[in-house]
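# A structural walkthrough
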Amino acid sequence: MKPSLAGTFWSLVGLGVTLSGLAITPLARADTFSTVQMLRQGGCGGLVPAAQPLRREVTLDRVAEQWAHGWPLAQATERSGYRAAATSALHLSGSDDFVVRELRNSRCRPVAGRELRDIGVYQRGPDTWLVLASVAVSAEVHPAPRSTYVPGPRVVASGGSMSAAHALELVNEVRARGTRCGTQQFAAAAPLSLSSTLAGVAFGHAADMAEHDYFEHVDPSGQSPADRVRAVGYREKLVGENIAYGPQSVDEVVKGWLGSPGHCANIMDPRFEQMGFAYSTGHGSRHGLYWVQVFAEPRA
């Protein structure tokens, strides 16, 4: 099951973070490398597990250039002396906005492989060539085993106070020590408390997504997380929401959120005081689990 993540703030003037599609401000063409790094860090907006940053490799820059000039990719790679164990390559042509949009949407998975370690980039006019690879390990070398993505134990019910308590424990543990969310360092923050009201809001949205086969913060009726919180009579100053589709345990979904800067920032925001947490099993074309985490700062 491929996990998907999304997180956003609501009730904040001029501030929003949405990772369901990984909202990215269009970047300059020279920053294609940074775009790829951001997509890997966010797991293509949560569609795949987050991957480690790539290293810019001059040898692969030359491979990308030779590929652009008509050399077959495999031959260019071999000619460069780079012994590739895995390779992924993309040729994109269009405006700066188009390149970012293509990388963010239909071309994200080829650059998000966790087995990839290096990247080369070549640009000419409106065209960009990307070559991503990892070096083959010699048979004489015996490296430490590489960690792999192993889903946690499957959760079989919907909602669940025990799951919420465990999620709260994991969240408060990281809040107590502070952590880095992407490039932003968060200091230790006060622990959150569980709110049965917010848990009901979280479960309602998880169940609605599961029943109607969608994955968005704003539901089909146009209600935002803040709207749903207000609808149940909760008086809020600030509301935040993380959503995910696909993780199979509480540990897995919280780890995924902490590995994505926007979701992590929601978890670490010192203004939030309460949390609701729930999940539900999909009924439509998506049969996995939908997860919702709602944060709020109540009015005094």
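Each chain carries its own residue numbering, running from 1 in the written order of its sequence. In keeping with the predicted nature of the model, local features appear solely for residues at pLDDT of at least 70, side-chain atom pairs appear and are counted solely at 80 or more, and the whole-chain, interface and lining totals rest on all residues. For side-chain calculations, the full set of non-hydrogen atoms in the structure is used, while hydrogens and water are omitted.

## Considerations on the packing of aromatic side chains
Any pair of Phe, Tyr and Trp rings, taking the six-membered ring for Trp, is counted once the centres come within 6.5 Å. Such a pair is stacked with planes under 30 degrees apart, edge-to-face with planes over 60 apart, and tilted for the rest. Counted under the stated rule, the structure contains six aromatic pairs. Seen in terms of ring centroids, Tyr245 and Tyr290 are 4.8 Å apart; in terms of plane orientation they differ by 55 degrees. Their pairing is tilted. Note that Tyr245 is positioned in strand S9 (residues 236-245) and Tyr290 in strand S11 (residues 289-298), a separation of 45 residues in sequence. For Tyr245, a relative accessible area of 6% corresponds to the buried category. Here a strand is any run of E in DSSP of at least two residues, a helix any run of H or I of at least four, and the numbering for each starts at the N terminus. Each residue is placed in one exposure class: buried if its accessible area under a 1.4 Å probe, protein chains only, is under 20% of its type's maximum, exposed if it is over 50%, and partly exposed if it falls in between.

## A short note on the side chain of Gln66
Positionally, Gln66 belongs in helix H3 (residues 58-68). The class for Gln66 is buried, based on a relative accessible area of 18%. The contact rule is simple, with two residues in contact once any of their heavy atoms fall within 4.5 Å. Contact partners of Gln66, with chain neighbours within four places excluded, come to Trp71, Ala76 and Arg79.

## Focus: the environment of Val36
Within the secondary structure, Val36 is located in helix H1 (residues 32-41). A relative accessible area of 1% means that Val36 is categorised as buried. Taking the C-alpha atoms as reference, Val36 lies 9.7 Å from Leu130; in sequence the two are 94 residues apart.

## Some points on the sheet that holds strand S4 (residues 118-124)
Two strands are counted as paired when DSSP detects at least two bridges linking them. Taken in spatial order, the four strands make up an open sheet running S2-S4-S5-S3, and their pairing is mixed. Looking at strand neighbours, the two that pair on one side only are strand S2 (55-56) and strand S3 (84-93), the edges of this open sheet. Sheet topology places S2 next to S4; two bridges connect them, and they run parallel. Paired with Arg56 across the strands is Ile119, a residue of S4. Where H1 meets the sheet, its contacts fall on S2, S4 and strand S5 (127-135), and the angle it forms with S5 comes to roughly 50 degrees. Interaxial angles span 0 to 180 degrees and are taken between N-to-C directions of axes, which are lines fitted to C-alpha atoms, for helices over the stretch in contact.

## Overview of the packing of H3 against helix H4 (residues 73-80)
Where H3 contacts H4, the axes come no closer than 9 Å and their chain directions differ by 145 degrees. Crossing of H3 against H4: the hand is right-handed. Each of Thr59, Val63, Gln66 and Trp67 in H3 lies in contact with H4, whose residues at this interface are Leu73, Ala76, Thr77, Arg79 and Ser80. Rotating anticlockwise by less than a right angle from the far helix to the near helix defines a left-handed crossing, while the corresponding clockwise rotation defines a right-handed one.

## Brief notes about the environment of Val239
Relative to the elements of secondary structure, Val239 occurs in strand S9. For Val239, a relative accessible area of 0% corresponds to the buried category.

## Describing the confidence of the model for the protein chain
Scored from 0 to 100, pLDDT records how confident the predictor is in each individual residue. Averaged over all residues, the pLDDT of the protein chain is 77; the fraction at 70 or higher stands at 76%. Contacts of residues 9-30 to residues separated by more than four positions or lying in other chains number 68 contacts, the stretch itself having pLDDT below 50. The model gives residues 138-160 a pLDDT under 50, and that stretch makes 30 contacts with residues more than four places away or in other chains.

## Concerning the pattern of salt bridges
Counted as salt bridges are all cases of a side-chain nitrogen of Lys or Arg within 4 Å of a carboxyl oxygen of Asp or Glu. Tallying each qualifying case throughout the model produces ten salt bridges. Asp61 is the partner of Arg56 in a salt bridge, and the nearest nitrogen-oxygen pair spans 2.9 Å. A residue is classified by how much of its surface remains accessible, and Asp61, at 17% relative accessible area, is buried. The salt bridge involving Arg230 is made with Asp227; its shortest N-O contact spans 3.5 Å. In this pair, Arg230 and Asp227 are both assigned in helix H8 (residues 225-231), three residues apart and thus about one turn of the helix distant.

## Things to note about the pairing of S5
The element S5 is extensively covered by neighbouring structure, given that eight of its nine residues are classed as buried. Taken together, the nine bridges between S3 and S5 define a ladder with antiparallel strand orientation. Bridge pairing links Ala86 to Ser134 in S5. Alignment of S4 against S5, held across seven bridges, turns out to be antiparallel. Counterpart to Gly120 in the pairing with S5 is Val131.

## Here's the deal with the nonpolar core
In this description, a nonpolar core means a group of buried Ala, Val, Leu, Ile, Met, Phe, Trp, Tyr and Cys residues linked to one another through side-chain atoms lying within 4.5 Å. Ranked by size, the top nonpolar core spans 26 residues in total, and within it Met275, Phe277 and Trp291 carry the most contacts. For this core, the elements supplying multiple residues, two or more each, are helix H6 (161-177), S9, helix H9 (250-258), helix H10 (261-268), strand S10 (274-281) and S11. Among the elements that make up this core, the one with the highest residue count is H6 (six residues). Core analysis: the next-biggest nonpolar cluster, separate from the first, contains 19 residues, Ala206, Phe215, Val239 and Ala296 among them.

## Quick word on the side chain of Thr77
Here Thr77 shows up in helix H4. Polar contact is defined as a pair of N or O atoms within 3.5 Å, subject to the rule that within protein one atom must be able to donate a hydrogen and the other to accept it, and that residues adjacent in sequence are counted only when both atoms are side-chain atoms. Reaching out from Thr77, the side chain makes a polar contact with the backbone oxygen of Leu73 at a distance of 2.9 Å. In contact with Thr77, not counting residues within four places along its chain, are Val63, Tyr82 and Ala84.

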